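Listed below, chain by chain, are the residues.
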Amino acid sequence: GAVVSQHPSWVICKSGTSVKIECRSLDFQATTMFWYRQFPKQSLMLMATSNEGSKATYEQGVEKDKFLINHASLTLSTLTVTSAHPEDSSFYICSASPGQIGNQPQHFGDGTRLSIL
Amino acid sequence: GESVGLHLPTLSVQEGDNSIINCAYSNSASDYFIWYKQESGKGPQFIIDIRSNMDKRQGQRVTVLLNKTVKHLSLQIAATQPGDSAVYFCAENFVGGGADGLTFGKGTHLIIQP
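**Quick look at the overall build of chain A**
Phase 1 of the analysis: For chain A, the count of helices and strands is 0 helices and 11 strands.
Phase 2 of the analysis: From first element to last, N terminus to C terminus, chain A shows the α and β order β-β-β-β-β-β-β-β-β-β-β.
Phase 3 of the analysis: The C-alpha radius of gyration computed for chain A amounts to 13 Å, which stays within 12% of the reference 13 Å derived for 117 residues, consistent with globular compactness.
Phase 4 of the analysis: For chain A, the spread of C-alpha atoms along the principal axes amounts to about 40 × 25 × 20 Å.
Phase 5 of the analysis: Per-residue burial over chain A gives 52% buried out of 117 residues.
Phase 6 of the analysis: For chain A, restricting intrachain contacts to residue pairs at least 6 apart in sequence, the fraction spanning at least 24 positions comes to 53%.
Phase 7 of the analysis: A total accessible area of about 5800 Å² is found for chain A, and carbon and sulfur atoms account for 50% of it.
Phase 8 of the analysis: Computing the positive centroid from 9 side-chain charges and the negative centroid from 9, chain A places the two 5 Å apart.

**Things to note about the pairing of strand β11 (residues 112-116) of chain A**
All names here are of chain A.
Phase 1 of the analysis: A one-sided burial pattern is seen for β11, the buried positions being Thr112, Leu114 and Ile116 and the unburied ones Arg113 and Ser115.
Phase 2 of the analysis: Sheet topology note: the strand β2 (residues 10-13)/β11 ladder contains 4 bridges and is parallel. In the strand pairing of β11, Ile12 is matched with Ser115.
Phase 3 of the analysis: The pairing of strand β9 (residues 90-96) with β11 spans 3 bridges and is antiparallel. In the strand pairing of β11, Ser90 is matched with Leu114.

**Some remarks on the environment of Lys42 of chain B**
Phase 1 of the analysis: Note that Lys42 of chain B resides in the loop between β4 (32-38) and β5 (45-51).
Phase 2 of the analysis: Overall, the relative accessible area of 39% leaves Lys42 of chain B in the partly exposed class.
Phase 3 of the analysis: A sequence separation of 50 residues divides Lys42 of chain B from Glu92 of chain B, and the C-alpha atoms of the two residues are 20 Å apart.
Phase 4 of the analysis: Every residue in contact with Lys42 of chain B, bar those within four places of it in the chain, is listed here: Phe91 and Asp110 of chain A.

**Overview of the environment of Arg57 of chain B**
All names here are of chain B.
Phase 1 of the analysis: Mapping Arg57 onto the fold places it in strand β6 (residues 56-58).
Phase 2 of the analysis: Given the relative accessible area of 33%, Arg57 is considered partly exposed.
Phase 3 of the analysis: Separated by 20 residues in the primary sequence, Arg57 and Lys37 place their C-alpha atoms 17 Å from one another.
Phase 4 of the analysis: Other than its neighbours up to four places away in sequence, Arg57 contacts Ile48, Asp49, Ile50, Val62, Thr63 and Val64.

**Side note on the sheet that holds strand β7 (residues 67-73) of chain A**
Residues and elements named next belong to chain A.
Phase 1 of the analysis: Across the sheet, 4 strands lie side by side as β1-β3-β8-β7; this open sheet has antiparallel pairing. The open sheet has two free edges, formed respectively by β1 (4-7) and β7, since each of these has just one partner strand. The sheet shows a mean angle of 15° between the axes of neighbouring strands, taken without regard to direction.
Phase 2 of the analysis: Bridge analysis of strand β3 (residues 19-25) against strand β8 (residues 76-81) gives 6 bridges, and the strand direction is antiparallel. Note on β8: the bridge partner recorded for Val19 is Val81.

**Considerations on the nonpolar core**
Phase 1 of the analysis: Counting 25 residues, the largest nonpolar core has Trp35, Phe67, Leu79, Tyr92 and Leu114 of chain A as its most contacted members.
Phase 2 of the analysis: Put simply, the parts of the chain that give this core at least two residues each are β2, β3, β4 (32-38), β5 (44-51), β7, β8, β9 and β11 of chain A.
Phase 3 of the analysis: Sequence-distant contacts of Phe67 of chain A, defined by excluding residues within four places in its chain, comprise Arg37, Met47, Tyr58, Val62, Leu79, Thr80, Val81, Asp88 and Tyr92 of chain A.
Phase 4 of the analysis: Tyr25, Ile50, Ile77 and Cys90 of chain B belong to the second largest nonpolar core, which has 20 residues in total.

**Considerations on the pattern of salt bridges**
Two side chains that carry opposite charge are able to pair once their charged atoms sit near each other.
Residue and element names in this part refer to chain B.
Phase 1 of the analysis: Inspection of every chain in the model, using the stated rule, returns 6 salt bridges over all chains.
Phase 2 of the analysis: Across the salt bridge formed by Lys37 and Glu39, the nearest N and O atoms sit 4.0 Å from each other.
Phase 3 of the analysis: Here Arg57 ties to Asp49 by a salt bridge, and the two come within 2.2 Å at their closest N and O atoms.
Phase 4 of the analysis: You can call Asp49 buried: its relative accessible area is 5%.

Cut-offs used in this document
- Residues numbered from 1 in each chain as written.
- Chains lettered and ligands numbered in written order.
- Predicted model: local features only at pLDDT ≥ 70, side-chain atom pairs only at ≥ 80, totals over all residues.
- Heavy atoms only, no water.
- Helix = DSSP H or I, 4+ residues; strand = E, 2+ residues; numbered from the N terminus.
- Rg over C-alpha atoms; globule rule 2.2 N^0.38 Å.
- Buried < 20%, exposed > 50% of the residue type's maximum accessible area, 1.4 Å probe, protein only.
- Contact = heavy atoms within 4.5 Å.
- Areas by Shrake-Rupley, 256 points an atom, 1.4 Å probe, with all protein chains shown as cover.
- Lys, Arg positive; Asp, Glu negative; His and termini not counted.
- Charge placed at Lys NZ, Arg CZ, Asp CG, Glu CD.
- Pairing = 2+ DSSP bridges.
- Axes fitted to C-alpha atoms, helices over the stretch in contact; angles between N-to-C directions.
- Core = buried A, V, L, I, M, F, W, Y, C linked by side-chain atoms within 4.5 Å.
- Salt bridge = Lys/Arg side-chain N within 4 Å of Asp/Glu carboxyl O.

Functional significance is not addressed by these values, which are geometric in nature.
Below, the structure is given as structure tokens:
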């Protein structure tokens, strides 16, 4: 149980393109999901907290107009990288927890590798 | 801000031996800790967790130790296998602070030598 799925797994696109990444909880509902970014050979850095039915909470230094988050249902959060540029190339990973945060671990999707040419 | 760090970026262990991966955390308010395993090109996979009211927890071939006095966390893997080769991250959370995301350590690359 507690499966989190991301789509697509890999995106290559031209600079200036907007890219949407989906994160789904397949066998549980999640009022809260999290988006992380990971550069090569580095750790995961929290970007934002996605809240179902309300605005996302962004970490310091993350541009909310650049990284649009929509959490329209209890099983789906989307991250849209708007007008992507080469410096946005990274591995984007989402997570969710089937229970109350802290009572059960967060489960991660397999990530989306974004390459901007 | 405060962060979680690791002492060793790379650890090489002979197959069958035990391995210990260490992690130092700096946020004394953190009350929930998790170890994740990440294979190349994949998302982190949950291994084991521990809450601050415990100092040891065991799973299958893995043991997590928590020393709150020195803010240190370790992951012990017994009888390592080739499939244990991966990057291991510790992560912390302050549950009492609300639905916050995890703070990850820098990661340790565990290499299992045949």
